[in-house]
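Residues per chain, in single letters:
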Amino acid sequence: IVQASSTLQQDWMLPQGEINDGLTDRVSIYNPTPVEAIVQLQVMPRDGSNVEPIAPFELRVPANNRVAVNLHQEARIPKGFQYSVRVVSSNQPVVVGRNVTGTSPALPFGSIYEAATAFTSKRWLLAAGDTGDPFSEQVYIQNPGVDVAAVRVDLIGGGARMTATPQSLVIP
């Protein structure tokens, strides 16, 4: 199943990724316009730490075409590195998504397609989730700004709001 995009944008974000054995991560950039797109793909530490920056990928996406970057095959991204991705086109709006596949020894196994997020918001709603065995639900939050963000997560189950363990989340 692939989630479609209803919009073209010049700035896209993907909040979570990891380079490790058994994981593949392919970021695809589609340019449906009649002009070549000049794009920069930035790989940033997921936790906002000040580690050595990874040189951005400078890409040219032909008109009416697509380019894929296999992050797991890039030597500049070290094994074990957890990251978020930002894709910025300097001249043409594009569409961005990723395909992540897990095989042994990675857990969980399987494949997922994730559409990138084209904007920031102070409120997000997730339509579904399941934490019953054998599932585990994870929510990844990326703060692309320079100010610290405080986050609250509300859970709803069976039509009623559920109480989660209170905790304060601060996203650097």
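The coordinates are above.
Cut-offs applied
Residues numbered from 1 in each chain as written. Predicted model: local features only at pLDDT ≥ 70, side-chain atom pairs only at ≥ 80, totals over all residues. Heavy atoms only, no water. Pairing = 2+ DSSP bridges. Helix = DSSP H or I, 4+ residues; strand = E, 2+ residues; numbered from the N terminus. Axes fitted to C-alpha atoms, helices over the stretch in contact; angles between N-to-C directions.

Caption draft 1: View of the sheet that holds strand β7 (residues 95–102). With antiparallel pairing, 4 strands are arranged side by side in an open sheet as β5-β2-β7-β8. Of all the strands in the sheet, just β5 (65–70) and β8 (110–115) have a single pairing partner and so form its edges. On average, each strand axis in the sheet is inclined to that of its neighbour by 20°, with strand direction left out of account. Both β7 and β8 contribute to a ladder of 6 bridges, which runs antiparallel. Following the sheet pairing, asparagine 99 is matched in β8 by tyrosine 113.

Caption draft 2: Expanded view of the sheet that holds strand β3 (residues 37–45). Strand order in the open sheet made by the 4 strands is β1-β6-β3-β4, with antiparallel pairing throughout. Among the strands making up the open sheet, the edge pair consists of β1 (11–18) and β4 (57–61). Neighbour-to-neighbour, the strand axes of this sheet turn through a mean angle of 25°, independent of strand direction. Here β3 runs beside β4; their pairing, made up of 5 bridges, is antiparallel.

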